[in-house]
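What follows is the residue order along each chain.
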Amino acid sequence: MTSTSIAESVKRARRGVGPAGAGRKPGPAPAARARKRFTPRTWTLIAFAAPSLILLLLLNVYPLVYALIQALHDGTLLETGPFVGLKNFGDVLAQPSFWSETSFTVVFTVVGVFGSWLVGLALSLLLRTHIPAGGLFKVLLLLPWIVPTVVSATSWNWLVATPQSPLPVIAEHLGFGNVLFLADPMLAQVVVCLFKVWISFPFMMMMMSSALASVDTNVYEAAKVDGATGWQSFRLITLPLIARTTFVSWILMTIFCVNDFPTIFLLTGGGPAHATTSLVLLAYLTVFQNFQTGPGVAIAFLMTFVLVVISVVLYRQIRKVNVE
Amino acid sequence: MITTSAPQEEVRTGHRDRSGPPADRQTSQDIRQRGKWPRFVLILLMTAVVLVPIVAVFGLSLTPSLGSNAEGLTFENFGNIFTQTAVLTWLGNSLVITAFTVVVAVAVAAPAGYVLSRSRNRLVSGYSLILFVVQSLPVVTSAIPLFILFANLGLVDSLFGVVIIYVGATMSVAIWMMAAYYDSIPIALEEAAWIDGASIFGSFTRIVLRNSLPGILSTAIFSFLLAWNDYLIAVVFLRSDPNYTLPVGLESFFQQNATNWGLVMAVAVVMMLPPIILFAFLNKHFSIGGIGGSLSSR
C-alpha cells in the first residue's frame, strides 16, 4: 500500500501535479484517471462548494441578469414595462449630470484609495518599530473601521454640519468667517473624501502591517552593509516586497470606494446641489426616489460593467506579479 | 525582536559611521532609543486626532440633553432612550440578524474555502474569478431585482430575508479568508489521515477544521462587522419600525431629533459598543492581510 502510494506520488510529481493531486486515493492509475471526475474526492469537493455556488447564483447571478432585462425596459419597481432597447443607456449617457457625477466618483475613489493607503502605510511603518504601548495604538487606530458608518456619520455631522459645530466655530475664531462645511459644494466634497479616508485607512493599515510582517529584516542589514540610505532601502526593498499586497489592497479599495453608498449618503445625502452625488447614489436616488427603474439600473449597470472590466484586468495583473 | 525596529535609521547610521561592526551596532541602538519617543509622540498625536469623532460620541451621550435639568455628566440619556424609543427592539433585531449571518457565513465559507485552498484546476480558478467579480458588484444593482424577488417570496420586511442577503454579501471575502488560513495548514497531516483510510470529509472535519479556529474567528468577526454595520440593505428591505436594525433605527431617530445630540449619541453608543467590545477581546485573532496572498496566488 505504502510503496504503491509512494510510486504514485513520484509519478505524479514527474507529471507536475501539485499537492492537490495527492488527495486522490492510490489505485490503478489509468483507470483512476479515466474516471477522474467521479471519484468520491471530487464529489466531496463539489458538495463543499455547492452551498456557496447556490447562493452565488441566487443572490448575484440572477439579480445581474434581471437587472440587465430591467435596464432594457421602461418599467417601474414592480412592473417590467415595455421593451425600449438601449434607450435608457442613451438617456443616461446624454445627461450632463451623469458625467459630473462620474468625475466626482473618480475623484472620491482616487482620494479614497491613495489617501487611505498613504496614511495606512505610514502608520504601519511607524507601528512596526518598537513603541511604548504599540499594541494599544494598533487597536485604537482600528476604531474608525470598526465603528458603524451610521455612528461615525452622525458624529461627523455634529463636528462640521451646523453653525454651532466645533469645526465651524474654530474656523470663525481663526478669522475665516462662518464656514458651513456641508453647504459649500467644494468643501462638502473635501469633507466627504476626508471622511472616506478616515474610515478606510485602518483597513490599509492591517493589509500593510501583515505584508511588512513577512519582510525578512536581515535584508535591511545587508543593504546597510552595502551603503544604502533609508529612502533607498524603503524604495528598493520594502516597496517591492509589499507590492503584491499593495496591488490587492488598491483593487479592493477601488471596489469599496466606487460601491460605497452609506459614507456619502449618511453624511451629505449627495448634496449640496448634487456636488457629492456619486454614481451609486445617483442609481439609488433614481430608482428609490424618482422611481425610474430603467435609467437607475442602467446607471448601476454601466458602473458594474466598468468595475468588472477593471477588476478582471487587475486580477490578471496580480497573478502576473505573483509569477515574477 | 529588537533588530526589527527602525531599519531605516539603522541603515542611515551604518552609512555614516563605518568604524566597524560593534561600534555600528552601538550607534544604531542609541538611535533607536532616541528615535523611540519622537515616534511615540507622533503616533499619540495621530491617534488623538483620529479618535476625536469617536470620543465625541461618548462625551455627548453623557451630556445632559435639551430640556434636562441635570448638571455635569449624566446617564439619564440612556434611561430616556430605553423608555422612549424602540432601541431595545432594534438592538434585538441587530443581534439576531448578525448572529445568524455569522453562523451561516462561516458554515458556507469553511468548506468552500477548503476547495479553493486544496485543489488547483481550471474549474477552481474560474470559481475564484467569479467570486472576485461578484465581490466587485455594487449592492445597488442587485438590490432592485432582489427586492422584487423577495417581495414575491414574502421576504421583504423580514429579518430572515436580510440574513440571506448578508450571507451573500460577506461570502466572497469569507471564502478567501478561510482559504488563506487553510493554506497555512500543511497538507501532510491530511495525507497521513488518507493513508490511514480517512475520507476527505473526515480529514476536513477532524484535522483541518480542528486546527482552523483562528481562521474561523477572523471570518466570523468580518461577517459580524458587515452585518452589524450595514445600512443600505437594511434600509431597502426593512420597511417597518419593529423590524428596523440599529443603523436604520439610529438614522430615523437622528432625522427626528437632529439637534438633541445627547439622546442621538446615546443610541449611537448602544450601537458601537458591541463591535468595540468584540475587538477589545478578540483583536489578536483578527487578521485580514492573508487575503492578499490568497487572492493573488490562485
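All residue numbers refer to positions counted from 1 along the written sequence of the respective chain. Labels are handed out in written order, letters beginning with A for the chains and numbers beginning with 1 for the ligands. Confidence filtering applies because this is a predicted model: local features only for residues at pLDDT of at least 70, side-chain atom pairs given and counted only at 80 or more, and all residues used for totals across whole chains, interfaces and linings. For side-chain calculations, the full set of non-hydrogen atoms in the structure is used, while hydrogens and water are omitted.

### Focus: the interface of chain A and chain B
Note the threshold: Only heavy atoms matter for contacts: two residues are in contact if any of them lie within 4.5 Å across the pair. When two components associate, each loses some accessible surface as probed by a 1.4 Å sphere; the sum of these losses over both components is called the buried area. For salt bridges, the criterion is a side-chain nitrogen of Lys or Arg within 4 Å of an Asp or Glu carboxyl oxygen. Pairing of N or O atoms within 3.5 Å defines a polar contact, subject to two protein rules: one partner must be a possible hydrogen donor and the other a possible acceptor, and residues neighboring in sequence count only if both atoms are side-chain atoms. Secondary structure elements follow DSSP: runs of H or I no shorter than four residues count as helices, runs of E no shorter than two count as strands, and numbering proceeds from the N terminus.
Taken residue by residue, the interface counts 102 residues in chain A and 107 residues in chain B. Between chain A and chain B, roughly 9400 Å² of surface is buried when both sides are summed, and carbon and sulfur atoms account for 79% of that area. Among the residues chain A hides against chain B, the three largest losses belong to F48(A), K224(A) and Y315(A). Together they make up 8% of the total. Seen at the junction of chain A and chain B, the total is 0 salt bridges. Applying the counting criterion to the chain A and chain B interface returns 5 residue pairs in polar contact (both at pLDDT 80 or more). Looking at which element gives the most residues to the side of chain A that touches chain B, the answer is helix 3 (residues 40–71) of chain A, with 19 residues.

### Some points on the domain arrangement of chain B
All names here are of chain B. The condition that has to hold: Domain start and end points were adopted from an automatic or database domain assignment. Lys, Arg, Asp and Glu make up the charged group, whereas Ala, Val, Leu, Ile, Met, Phe, Trp, Tyr, Cys and Pro make up the nonpolar group; the residues left over, Gly among them, are polar.
Assigned domains of chain B: these are domain 1 (2–61) and domain 2 (86–296). Counting residues at the interface gives 5 residues for domain 1 and 9 residues for domain 2. With both sides pooled, the region where domain 1 packs onto domain 2 buries about 560 Å², and carbon together with sulfur makes up 91% of that total. The interface formed by domain 1 and domain 2 includes 0 salt bridges. A per-class count over the side of domain 1 that touches domain 2 returns 4 nonpolar, 1 polar and no charged.

### Regarding the packing of helix 3 of chain A against helix 4 (residues 87–118) of chain B
Put simply, the rule reads: Helix axes use the C-alpha atoms of the stretch in contact, all axes being lines fitted to C-alpha atoms, and the angles between their N-to-C directions lie in the range 0 to 180 degrees. An angle counts as roughly parallel when it lies under 35 degrees, as roughly antiparallel when it exceeds 145, as roughly perpendicular when it falls between 65 and 115, and as oblique in every other case. Each crossing is labelled by how the near helix is turned from the far one, with a counterclockwise turn of less than a right angle marking it left-handed and a clockwise turn marking it right-handed.
Contact pair helix 3 of chain A / helix 4 of chain B: the axes reach a minimum separation of 8 Å and the direction vectors enclose 125°. Between helix 3 of chain A and helix 4 of chain B, the crossing angle belongs to the class labelled oblique. Between helix 3 of chain A and helix 4 of chain B lies a crossing whose hand is left-handed. Facing helix 3 of chain A, whose interface residues are R41(A), L45(A), F48(A), A49(A), P51(A), S52(A) and L55(A), helix 4 of chain B presents V108(B), P111(B), A112(B), Y114(B), V115(B) and R118(B). Its residues placed into classes, the contact of helix 3 of chain A with helix 4 of chain B shows 10 nonpolar, 1 polar and 2 charged.

### Concerning the pattern of salt bridges
Residue and element names in this part refer to chain A. In plain terms, the rule: To sort residues, take the accessible area from a 1.4 Å probe on protein chains only and compare it with the maximum for the residue type: under 20% means buried, over 50% means exposed, and anything in between is partly exposed.
The final tally for this structure, using the stated rule, is 4 salt bridges over all chains. K87 serves as the salt-bridge partner of D91, at 3.1 Å between the closest nitrogen and oxygen. Here K87 and D91 lie together in helix 4 (residues 87–94), a separation of 4 residues that amounts to about one turn. Under the relative-accessibility criterion, D91 is labelled partly exposed at 38%.

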